[in-house]
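# Coordinate analysis (summary)
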Amino acid sequence: MIKIIRPRLITFDVTGTLLMTKLEDYVEIGSQHGLPLDRRKLARSFKNSFHRLSLEHPVYGKHTGIGWENWWRQLVHSVFKDQHKYISDATLDKVANSLIRCYGTSMCWHKYPGTIELLDYLRKKELILGVISNFDERLEAILEDTRIRSYFSFVLTSYDFGVEKPDTLIFDEALRLTKKRHSIDISPQQAIHIGDSVSNDYIGAKDAKWNAILIQHDNDGNQKEIPAEDVFRNLRDLRVHLSTLLDGNM
């Protein structure tokens with residue numbers, strides 16, 4: 001059996017890992033402005049618009065000059081115009097502003113079951129915890145509002161750093177921030193990144209020579225390319241696994 005190095009740093013993705021959100025908020029806020037949405041069409045429109053904007057304006061428009069707010073405003077316009085072709089831009093701006101505000105607070109973000117228990121456990125083990133997330137400038141406020149910011153030594157977003165996962169530079173930056181804040185050198189082999197994206201989180205971390213864990217909240221999708229022992233369906237199972245890693249004989 002391969003001897004595993006005891007981790008000293010554990011970083012988390014946020015969306016789909018620690019916090020969940022739902023497109024139902026688009027339906028609810030749209031209806032408040034007299035713009036009902038077909039839920040089935042909404043999911044497809046959101047996915048397509050997100051993909052297109054990510055290609056045209058990577059890192060939420062950080063380097064193309066539009067900035068994250070206009071990035072999301074364009075996405076909202078695109079999603080709603082798929083179902084309301086002739087609606088005015090002024091009305092869509094009001095919808096976008098409402099959604100941007102909502103998604104900056106705990107009104108539109110909720111903790112997955114087991115989040116607090118996992119973070120409490122890891123903090124008691126005196127591990128350094130951090131966040132590495134492809135996110136815009138609202139993340140600090142969201143983590144504060146959902147009452148989990150205090151667990152993390154640092155919050156590293158793609159928008160602030162200018163580079164997105166899976167680029168290994170953002171994982172290298174996490175090690176640099178750890179050294180800056182704690183005056184200790186941590187090797188990639190002593191770090192674990194936990195996230196829900198195969199490419200961004202798991203493969204990104206592995207390419208940076210980190211350990212990696214994939215969280216697939218009750219998702220039945222079979223990730224054949226990922227070793228089964230690295231995939232977990234919920235945070236409670238993950239906590240049990242980490243306790244064997246941290247409490248067991250290593």
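Since the structure is predicted, the reported quantities are computational estimates derived from the model, not experimental observations. (Residues numbered from 1 in each chain as written. Predicted model: local features only at pLDDT ≥ 70, side-chain atom pairs only at ≥ 80, totals over all residues. Heavy atoms only, no water.)

Quick look at the overall build of the protein now. From N to C terminus, the protein includes 11 helices and 8 strands. Compactness check: the protein gives a C-alpha radius of gyration of 19 Å against a globular reference of 18 Å for 250 residues, within 12% of the reference. Considered along the principal axes of its C-alpha atoms, the protein spans approximately 65 × 35 × 35 Å. Within the protein, the proportion of its 250 residues that are buried is 49%. Put simply, 64% of the contacts in the protein that link residues at least 6 apart link residues at least 24 apart. Carbon together with sulfur atoms contributes 49% to the accessible area of the protein, which is approximately 12,700 Å² in total. Averaging the coordinates of the 34 positive side-chain charges in the protein and doing the same for the 34 negative ones gives two points 1 Å apart. (Helix = DSSP H or I, 4+ residues; strand = E, 2+ residues; numbered from the N terminus. Rg over C-alpha atoms; globule rule 2.2 N^0.38 Å. Buried < 20%, exposed > 50% of the residue type's maximum accessible area, 1.4 Å probe, protein only. Contact = heavy atoms within 4.5 Å. Areas by Shrake-Rupley, 256 points an atom, 1.4 Å probe, with all protein chains shown as cover. Lys, Arg positive; Asp, Glu negative; His and termini not counted. Charge placed at Lys NZ, Arg CZ, Asp CG, Glu CD.)

Take the pairing of strand S1 (residues 9-12) next. Side chains of S1 alternate between two faces, with Leu9 and Thr11 and Ile10 and Phe12 buried alike. Here S1 runs beside strand S4 (residues 128-133); their pairing, made up of 4 bridges, is parallel. Along S4, the bridge assignment pairs Phe12 with Val131. Where S1 and strand S6 (residues 191-195) come together, 4 bridges link them in parallel fashion. The residue of S6 that forms the bridge with Thr11 is His193. (Pairing = 2+ DSSP bridges.)

What follows is about the state of the cysteines. What is meant by a disulfide is a covalent connection between two cysteines, made through their sulfur atoms. Applying the stated rule across the entire model yields 1 disulfide. A sulfur-sulfur distance of 1.8 Å marks the disulfide that ties Cys102 to Cys108. When the S-S torsion is 90°, as for the bridge of Cys102 with Cys108, the disulfide is right-handed. (Disulfide = S-S within 2.5 Å.)

Turning next to the packing of helix H1 (residues 24-32) against helix H5 (residues 89-102). Where H1 meets H5, the axes come as close as 10 Å, and the angle between the chain directions of the two elements is 135°. In terms of axis orientation, H1 runs oblique to H5. Seen along the crossing, H1 lies across H5 with a hand that is right-handed. On H5, the residues that touch Asp25, Tyr26 and Ile29 of H1 are Val95, Ser98, Leu99 and Cys102. Considering only residue class, the contact of H1 with H5 consists of 5 nonpolar, 1 polar and 1 charged. (Axes fitted to C-alpha atoms, helices over the stretch in contact; angles between N-to-C directions. Parallel < 35°, antiparallel > 145°, perpendicular 65-115°, else oblique. Left-handed = near helix turned anticlockwise from the far one by under 90°. Nonpolar A, V, L, I, M, F, W, Y, C, P; charged D, E, K, R; others polar.)

Once that is clear, we can look at the domain arrangement of the protein. Interfaces are often described in size by the accessible area the parts lose on coming together. Here the protein is partitioned into domain 1 (9-18 + 112-248) and domain 2 (21-108). The distance between the C-alpha centroids of domain 1 and domain 2 comes to 27 Å. On the side of domain 2, 12 residues touch domain 1, which itself brings 14 residues to the contact. Summed over the shared surface of domain 1 and domain 2, the result is 0 salt bridges. The interface formed by domain 1 and domain 2 holds 9 residue pairs in polar contact (both at pLDDT 80 or more) in total. Its residues placed into classes, the side of domain 1 that touches domain 2 shows 4 nonpolar, 4 polar and 6 charged. (Domains from an automatic or database assignment. Salt bridge = Lys/Arg side-chain N within 4 Å of Asp/Glu carboxyl O. Polar contact = N/O pair within 3.5 Å; in protein donor to acceptor, adjacent residues only side chain to side chain.)

Taken in spatial order, the 6 strands make up an open sheet running S5-S4-S1-S6-S7-S8, and their pairing is parallel. Every other strand in the sheet has two partners, leaving strand S5 (154-157) and strand S8 (231-232) as the edge strands with one partner each. Across the sheet, helix H10 (residues 198-207) touches S6 and strand S7 (211-215), and the angle it forms with S7 is around 165°. Along the sheet face, helix H11 (residues 235-247) touches S6, S7 and S8 and points at about 155° away from the line of S7.

The next point concerns the packing of aromatic side chains. Scanning the entire structure with this criterion turns up 14 aromatic pairs. With 5.7 Å between their ring centres and 85° between their planes, Tyr26 and Phe46 make a pair best called edge-to-face. Within this pair, whereas Tyr26 is found in helix H1, its partner Phe46 is found in helix H2 (residues 39-56), the two being separated by 20 residues in sequence. A relative accessible area of 3% means that Tyr26 is categorised as buried. On the accessibility criterion, Phe46 (18% relative accessible area) is buried. Three or more aromatic residues joined by ring pairs form one cluster here, namely Tyr26, Phe46, Phe50, Tyr60, Trp71, Trp72, Phe80, Tyr103, Trp109 and Phe135. One cation-aromatic arrangement involves Lys62 over Tyr159; the distance from NZ or CZ to the ring centre is 5.1 Å. (Phe/Tyr/Trp six-rings, centres within 6.5 Å; stacked < 30°, edge-to-face > 60°. Lys NZ or Arg CZ within 6 Å of the ring centre and 35° of its normal.)

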